[in-house]
Amino acid sequence: MNSFYNEILTEHHLRSNHRGDLTPANLIRCGVNPSCGDDLTLRLQTENGVITDGAFTGDGCAISRASADMMLDLVIGKTREEALALSETFHNMILGRAEEADEEALEEAACLRDISHMPSRVKCAMLAWRTLNEALKEGEASSPTA
Amino acid sequence: MAKIDDVRAGYGFFARHPGRIYLDSAATSLCSDAVLRAGLEFDAFRRASPYRGLYEESVEATDAYEGARETVRSALNARFAEEIVFTRGATEGFNLLAHSLRDWVKAGDEILIGEAEHHSNMLPWRELAKARNASVRYLPAGEDGRYDPETLKKELRENTRILCVTHVSNVLGQVNDLAALCAVAHQNGVLVVADAAQSAPHRPLDVQALGVDYLCFSGHKCGSAMGIGVLYGRLEQLEALPPLLYGGEMVDYVEEWDAQFAPLPRRMEAGTVNVSGALTLAAAFEHMAALDWAWITSREQALTKRLADGVSSIPHVRLLGANGPHREAIAAFTVEDVHPHDVAQIMDAHGVCIRAGHHCAQVLHRRLGLPGSNRASLMFYNTEAEIDAFLEALSSVRKEMGL
């Protein structure tokens, strides 16, 4: 009946690859959508400008959790710049502004493209990415240069 | 044709959205064609500004508006038309009232607010307390979700001056014994401000029997157009209150440094009033009276029981508030391991409209230890088949989430 909660989303929600604690983690950031009750804590380990590992915890909806998990699949192993670029691509997709080539770069996260038609769920899908942006920008400001 | 089919035929929503099941009347009710026509017809054919014109059409507009006020007075069994103030809705009513009571509240006074209150009957009072160096405390609800008059007796203090309570909770769906709460409050010289947003749509109110000092509700939850509501105030209270808003219509004469304000109720309604809105509100009350309140309440009680019993019997689903005789039209619930947002979206895919979130009652949700919940709410135009379809869809939610 409802195809939105498809296999990919359900897999990332129920059998997340990156849900849980992470130690050591040198970048920790909390994000919240107060209006709908999603919260997220992102823990990242970065070395020499590369995200080497990441994990998330929180009490958000399935979309926010699945999105966080798919995001970490994508950004672990990438540089800070590459991660921020992916974040912008994802944001464009959610707003219905992305090209097909862009979606390829997003791999499984592209399954959230339908959210561009669901304004009330945009914040859910964006929560992890928004939190990532804030973590990376803050990390850049406070950490010593590589 | 069964009565209910006849009733539903009068609502354009059902023809426009065949197969959709609307269970969010606590957010806003559906509006019948006849009620809408009452407002449209005024704006289309009889539009004129009431009170000020000396020509026939203005006099008619005044009569229409005051006629609507009288209909509301009668529907609430208020003693006087002067006790009925039209507002934009319940939220505006509470805000204007809190603002108007500014000088009456002194430093060191206490305002007691029910913990289950909607933000509209909570935040204005907290702001008032801040502004006047008064304090705020919360009246806890019982296990069943109702405010207990015995608990109120224990919670009232020397310096308590205002009690803010809801007649029916928009989350827990429990009907409070407002008359008993008022009796206790008045024994202690406390003013009662009641929220009737979820009771006015479902039962005939008798403000005298309830004993409230002030009461607010919104028309759009009672079947009227949006943008109209009522603030009822007992005459003795309202007479002593400074005007809520200043401007045109509420004055008799204005000099450079002095003004004489109009008598009640006009003194409390500044600016050009919402005539068409008031007409739809009067029409909504007449509509319900014509349907017969006995039919409405018995139908809604049966549907509520079906809804609450059904929700209670689904595994991994928890009903908020007691499943007992005091429930009215509302069933909020949580689904284990499924976020309310996801529940609502799946239900939408099944054709069912329910709400997700904290329903403007975050303090209540915190006390329940919940980040949010879902809420289904009904009105007399819903059917048993709709309730059953809702229950069936709700039963399949966890499976669709892979659980």
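Anyway, here's the lowdown on the structure attached to this text. Note that this is a predicted model, so its numbers are computed, not measured. (Residues numbered from 1 in each chain as written. Chains lettered and ligands numbered in written order. Predicted model: local features only at pLDDT ≥ 70, side-chain atom pairs only at ≥ 80, totals over all residues. Heavy atoms only, no water.)

Section: the overall build of chain A
Then, number 1: Summing up its helical and strand segments, chain A has five helices and three strands in all.
Then, number 2: Scanning chain A from its N terminus toward the C terminus, one meets helices and strands in the order α-β-β-β-α-α-α-α.
Then, number 3: For 146 residues, the compact-globule estimate of 2.2 N^0.38 gives 15 Å, and the C-alpha radius of gyration of chain A, at 14 Å, lies within 12% of that figure.
Then, number 4: Seen through its C-alpha atoms, chain A measures out along the principal axes to roughly 50 × 30 × 25 Å.
Then, number 5: The buried share among the 146 residues of chain A stands at 49%.
Then, number 6: Considering only residue pairs separated by 6 or more positions, chain A has 60% of its internal contacts joining residues 24 or more positions apart.
Then, number 7: Per element, the accessible surface of chain A, about 7,000 Å² overall, is 47% carbon and sulfur. (Helix = DSSP H or I, 4+ residues; strand = E, 2+ residues; numbered from the N terminus. Rg over C-alpha atoms; globule rule 2.2 N^0.38 Å. Buried < 20%, exposed > 50% of the residue type's maximum accessible area, 1.4 Å probe, protein only. Contact = heavy atoms within 4.5 Å. Areas by Shrake-Rupley, 256 points an atom, 1.4 Å probe, with all protein chains shown as cover.)

A word on the interface of chain B and chain A
Then, number 1: Each side of the interface is counted separately: chain B has 13 residues, and chain A has 21 residues.
Then, number 2: Overall, the association of chain B and chain A removes approximately 1,400 Å² of surface from exposure, summing both partners, and the carbon and sulfur fraction of that is 55%.
Then, number 3: Per-residue buried area on chain B facing chain A is highest for His 339, His 341 and Gln 345 of chain B; these three make up 38% of the total on that side.
Then, number 4: Connecting chain B to chain A are one salt bridge.
Then, number 5: The shortest N-O distance in the salt bridge between Arg 121 of chain A and Asp 342 of chain B comes to 3.0 Å.
Then, number 6: Of the residues forming the side of chain B that touches chain A, the biggest block, five residues, is contributed by helix α13 (residues 340–349) of chain B.
Then, number 7: Taken together, the residues that form the side of chain B that touches chain A break down as five nonpolar, six polar and two charged. (Buried area = accessible area lost by both parts, 1.4 Å probe. Salt bridge = Lys/Arg side-chain N within 4 Å of Asp/Glu carboxyl O. Nonpolar A, V, L, I, M, F, W, Y, C, P; charged D, E, K, R; others polar.)

Some words on the environment of Ser 373 of chain B
Residues and elements named next belong to chain B.
Then, number 1: As for its position among the elements, Ser 373 is in strand β15 (residues 373–377).
Then, number 2: Excluding residues within four positions of it along the chain, Ser 373 makes contact with Leu 320, Ala 332, Phe 333, Thr 334, Pro 340, Arg 355, Ala 356, Gly 357, His 359 and His 365.
Then, number 3: Polar contacts involving the side chain of Ser 373 include one to the side chain of His 359, which spans 3.0 Å.
Then, number 4: In terms of polar contacts, Ser 373 uses its side chain to reach the side chain of His 365, at 2.8 Å. (Polar contact = N/O pair within 3.5 Å; in protein donor to acceptor, adjacent residues only side chain to side chain.)

Overview of the sheet that holds strand β2 (residues 38–47) of chain A
All names here are of chain A.
Then, number 1: A sheet is described by the order of its strands in space; here three strands give the open sequence β1-β2-β3, paired in antiparallel fashion. Each having just a single partner strand, β1 (27–33) and β3 (50–57) make up the two edges of the open sheet. Between one strand and the next, the sheet's axes are offset by a mean angle of 20 degrees, whatever the strand orientation.
Then, number 2: Note: β1 against β2, seven bridges, orientation antiparallel. (Pairing = 2+ DSSP bridges. Axes fitted to C-alpha atoms, helices over the stretch in contact; angles between N-to-C directions.)

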